[in-house]
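Breakdown of the fold
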Amino acid sequence: MSHIIAPSILSSDFANLQKESEMLDKSQADWFHIDVMDGVFVPNLTFGMPVIKAIRKYSDKVFDVHLMIENPDKFIKDFKNSGADILTVHYEACTHLHRTIQSIKNEGMKAGVALNPHTNINVLEDIIKDLDLVLIMSVNPGFGGQSFIENTYSKIKKLKELILKTNSHALIEIDGGVTDKNARQLIDCGADALVAGSFVFNSNNPSQTIENLKNI
Ligand code: DX5
Ligand code: ZN
């Protein structure tokens, strides 16, 4: 399987979300990466269900929703109803992670867990077999346009070992500071999906940039 490219709409033009969504739909992007922030778990606010529902009209591609919020359990059904296909919660925000993952699956979505840069892969040992996706944060969550944290490479290798050892089917997604400079190495270490926000949307030709990342 070729790697998955998931442009993050966080860096898109919010005044033209229809146009941006149509561009992504026509591009070689595999997934829409959608960053939901609550101003509590992370020091920033973005958008929630109504915006996801609004852009759902413009594409049938996979909606990969990354929740950077406290108490995600409260909204699992709402995110399903707004059009999420994959729902990823933060390990650091979930006291009863196993229950949260089961609730996401019970709603018919794929379930992911995100790890902050300081969180060790080991914490997933007892849940990895239940996961469809692990998102490794390669910046501290909250903002687009930050620099990539180099320690990510060794985390990917460690996670890949855990996945192979346990026969888990979880995909590895990398989020933060992804560019054409680190994409190849991330894939070689074991990444299956790459999120790219500012690198795509700040480029002169986002659709071409997506194609370049896809063919890297
Ligand atoms: C950060 C978000 C990322 C962000 C990535 O908290 O989770 O998805 O949009 O943006 P870049 O690619 O600019 O680092
Ligand atoms: Zn994200």
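Cut-offs applied
Residues numbered from 1 in each chain as written. Chains lettered and ligands numbered in written order. Predicted model: local features only at pLDDT ≥ 70, side-chain atom pairs only at ≥ 80, totals over all residues. Heavy atoms only, no water. Buried < 20%, exposed > 50% of the residue type's maximum accessible area, 1.4 Å probe, protein only. Helix = DSSP H or I, 4+ residues; strand = E, 2+ residues; numbered from the N terminus. Right-handed = clockwise from strand over helix to strand, strands pointing away. Pairing = 2+ DSSP bridges. Contact = heavy atoms within 4.5 Å. Donors = N, O, S within 2.8 Å, 3.2 Å for Na, K, Ca; no water. Tetrahedral: all angles 85-135°; square planar, octahedral: opposite > 155°, others 65-115°. Near = heavy atom within 4 Å. Polar contact = N/O pair within 3.5 Å; in protein donor to acceptor, adjacent residues only side chain to side chain. Areas by Shrake-Rupley, 256 points an atom, 1.4 Å probe, with all protein chains shown as cover. Nonpolar A, V, L, I, M, F, W, Y, C, P; charged D, E, K, R; others polar. Axes fitted to C-alpha atoms, helices over the stretch in contact; angles between N-to-C directions.

Taken across its 5 residues, strand β4 (residues 86-90) has 5 buried, putting it largely inside the fold. The side-chain alternation of β4 yields two buried faces, one formed by Ile 86, Thr 88 and His 90 and the other by Leu 87 and Val 89. Chirality of the crossover, the property in question, places the unit of strand β3 (residues 62-68), helix α3 (residues 76-82) and β4 among those that are right-handed. For β4 and strand β5 (residues 110-115), the ladder comprises 5 bridges, and the chain directions are parallel. Bridge pairing in β5 links Ile 86 to Lys 110. Regarding the hand of the β-α-β motif, the stretch spanning β4, helix α4 (residues 97-106) and β5 is right-handed.

You can see Thr 152 is positioned in helix α5 (residues 152-166). Its relative accessible area of 2% is what places Thr 152 among the buried residues. When neighbours within four sequence positions are excluded, Thr 152 is seen to be in contact with Ile 136, Ser 138, Ile 174 and Leu 186.

To continue, consider the coordination of the zinc ion (ligand 2). Protein coordination at the zinc ion (ligand 2) comes from His 33 (NE2), Asp 35 (OD), His 66 (ND1) and Asp 175 (OD), with a distance range of 2.0 to 2.3 Å. The site at the zinc ion (ligand 2) holds 6 donor atoms, and with the angles between them running 69 to 171°, its shape is octahedral. Along the chain, the residues donating to the zinc ion (ligand 2) are arranged with the sequence spacing H-x1-D-x30-H-x108-D. Of this pair, Asp 35 sits in strand β2 (residues 31-37) while His 66 sits in strand β3, placing them 31 residues apart in sequence. Here Asp 35 and His 66 have matching classes, each one buried.

Moving on: the site of ligand 1. Around ligand 1, the surrounding shell holds 20 residues, and the nearest of these are Asp 35, Gly 142, Gly 145, Asp 175 and Ser 198. In the model, an oxygen atom of ligand 1 is placed 3.3 Å from a nitrogen or oxygen of the His 66 side chain. Interatomic distance of 2.8 Å between a backbone N/O atom of Gly 177 and an oxygen atom of ligand 1. Surface burial for ligand 1 is 100%, taken as the share of its 380 Å² of free accessible area covered by protein chains. Only β2, β3 and β8 (193-196) provide two or more residues apiece to the shell around ligand 1. Classifying every residue of the shell around ligand 1 gives 8 nonpolar, 10 polar and 2 charged.

Turning our attention to the sheet that holds β4. Spatially, β1-β8-β7-β6-β5-β4-β3-β2 is the arrangement adopted by the 8 strands of the open sheet, whose pairing is parallel. The open sheet has two edge strands with one neighbour each: β1 (4-7) and β2. Within the sheet, the average angular offset between the axes of one strand and its neighbour, ignoring direction, is 25°. The sheet contact formed by strand β7 (residues 171-175) and β8 spans 3 bridges and is parallel. Counterpart to Glu 173 in the pairing with β8 is Ala 193. The sheet contacts of α5 involve β6 (133-137) and β7, and relative to β7 the element is tilted by about 165°.

Burial of β6 is extensive: 5 of the 5 residues sit out of reach of the surface. Burial along β6 is two-sided: Leu 133, Leu 135 and Met 137 and Val 134 and Ile 136, pointing in opposite directions, are all buried. Judged from the 4 bridges that link them, β5 and β6 form a sheet pairing that is parallel. In the sheet register, Ala 114 faces β6, and the bridge partner there is Leu 135.

Structurally, Thr 166 is set in helix α5. Given the relative accessible area of 17%, Thr 166 is considered buried. For Thr 166, the side chain forms a polar contact with the main-chain oxygen of Ile 163, separated by 3.4 Å. Contact partners of Thr 166, with chain neighbours within four places excluded, come to Ile 128 and Lys 129.

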